[in-house]
Amino acid sequence: MAVFVALGAFLMTLAGGWTAQRVTDRRHLVLGLAGGLMLGVVGLDLLPEALEAAGDEVFGVPAALLLFVAGFLLAHLVERLLAARRAAHGADEHGHRSPEVGLTAAAAMVGHSAMDGVAIGAAFQVGGGMGAAVALAVIAHDFADGFNTYTLTSLYGNARRRAIAMLVADAVAPVVGASSTLLFTIPEGALGAYLGLFGGVLLYLAAAEILPEAHHEHPARSTLLCTVAGAAFIWLVVGIAE
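Residues numbered from 1 in each chain as written. Predicted model: local features only at pLDDT ≥ 70, side-chain atom pairs only at ≥ 80, totals over all residues. Heavy atoms only, no water.

## What about the overall build of the chain?
Piece 1. Along its length, the chain carries eight helices and two strands.
Piece 2. Sequence-ordered secondary structure for the chain, helices as α and strands as β, is α-α-β-β-α-α-α-α-α-α.
Piece 3. Per-residue burial for the chain yields a buried fraction of 46% across its 242 residues.
Piece 4. In the chain, once contacts between residues fewer than 6 apart in sequence are set aside, the share between residues at least 24 apart is 82%.
Piece 5. Surface exposure of the chain reaches about 11600 Å², of which carbon and sulfur atoms provide 68%. (Helix = DSSP H or I, 4+ residues; strand = E, 2+ residues; numbered from the N terminus. Buried < 20%, exposed > 50% of the residue type's maximum accessible area, 1.4 Å probe, protein only. Contact = heavy atoms within 4.5 Å. Areas by Shrake-Rupley, 256 points an atom, 1.4 Å probe, with all protein chains shown as cover.)

Below, the structure is given as structure tokens:
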């Protein structure tokens, strides 16, 4: 089931890359909805499950929450390092951008997508309801992943075939990640720790990347409504699953 769902992420990633070549004025609505879905999954499903599975405390704080903060900071650190490298390469005297920077950023997106697949498989090991909720958030997020992978690769001067190659790699990555979880069962404690870490990463992507991008050029009420609707939908999914 996890691999089957990961195929949805595969298709959504390709759809995001296709849209990057034919961007429309409705992109902000899609990103707003994706941000709401991700926020809902983190706050209403991932964190409660992580706390239940890895409830041991470390210096007075649940381990799952410590890893949640660590995941947020890790995603922030990676994003800042990539931003600094992009700035350094983009500030040469001719104003040209280095193709290697675009490939590095796209490769990071591919690695993140592989972990998305692992998250889907891990969530299905907890239960079908949580698996469906996490899969929904990942699939929605992978549209933005595909969009950004193609955009980052081509933005820095790479040929179209390289951008498409990175897009395909990003689409295949979650299927590979989900398939890997068929080979082993994650212990409950480790599963809770991973879900906490992944929750922090997911929240950072929603709060620092997806939602600001959604509202950057279109701070419209409709975009905000899509975000609220995404979070409310996850609440509905969690309630039905329970």
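Moving on from the model shown.
## Notes on the side chain of S113
Piece 1. Mapping S113 onto the fold places it in helix 4 (residues 99-126).
Piece 2. Among the polar contacts made by the side chain of S113, one reaches the side chain of D170 at a distance of 2.5 Å.
Piece 3. Not counting the four nearest positions on each side in its chain, S113 is found in contact with D142, D145, D170, A173 and P174. (Polar contact = N/O pair within 3.5 Å; in protein donor to acceptor, adjacent residues only side chain to side chain.)

## A short note on the environment of V78
Piece 1. Here V78 lies in helix 3 (residues 63-90).
Piece 2. On the basis of relative accessibility, which here comes to 37%, the residue V78 falls in the partly exposed class.

## What about the packing of aromatic side chains?
Aromatic rings in a pair are described by how distant their centres are and how their planes are angled relative to each other.
Piece 1. Considering all chains together, one arrives at two aromatic pairs under this definition.
Piece 2. When the ring of F72 is compared with that of Y204, the centres are 5.1 Å apart and the planes differ by 85°; the resulting orientation is edge-to-face. Pair noted here: F72 is in helix 3 and Y204 is in helix 7 (residues 188-216), with a separation of 132 residues, a long-range link.
Piece 3. In this structure F72 comes out as partly exposed when scored by relative accessible area, which is 29%.
Piece 4. Measuring from ring centre to ring centre gives 6.1 Å for Y194 and F198, while their planes differ by 15°; the resulting arrangement is stacked. Remark: F198 and Y194 occur in helix 7; sequence separation between them is four residues, near one turn of the helix. (Phe/Tyr/Trp six-rings, centres within 6.5 Å; stacked < 30°, edge-to-face > 60°.)

## As for the side chain of T13
Piece 1. In this structure, T13 sits in helix 1 (residues 2-21).
Piece 2. Its relative accessible area of 0% is what places T13 among the buried residues.
Piece 3. Discounting residues that sit within four places of it in the chain, T13 has contacts with D142, G146, L167, D170 and A171.

## Describing a nonpolar patch on the surface
Piece 1. Judged by side-chain polarity, V58, F59, V61 and L66 come together as a nonpolar surface patch covering roughly 410 Å² of accessible area.
Piece 2. By the element assignment, V61 lies in strand 2 (residues 61-62). (Patch = residues over 30% accessible without salt bridge, like charges linked within 9 Å, V, L, I, M, F, W, Y side chains within 5 Å. Salt bridge = Lys/Arg side-chain N within 4 Å of Asp/Glu carboxyl O.)

## Concerning the nonpolar core
Piece 1. Within the largest apolar cluster, 41 residues are counted, with the highest numbers of intra-cluster contacts made by V41, L46, V134, Y194, L195, F198 and L202.
Piece 2. Those elements giving two or more residues to this core turn out to be helix 1, helix 2 (27-53), helix 3, helix 4, helix 5 (128-155), helix 7 and helix 8 (221-241).
Piece 3. Among the elements that make up this core, the one with the highest residue count is helix 7 (11 residues).
Piece 4. If we skip the residues at most four places from it in the chain, L202 touches M38, V41, V42 and L46. (Core = buried A, V, L, I, M, F, W, Y, C linked by side-chain atoms within 4.5 Å.)

## A short note on the confidence of the model for the chain
Piece 1. Of the residues in the chain, 85% reach a pLDDT of 70 or more, and the chain-wide mean stands at 78.
Piece 2. Throughout residues 91-96 the model reports pLDDT below 50, and contacts reaching past four residues in sequence, or to other chains, amount to three contacts. (pLDDT = per-residue confidence, 0-100.)

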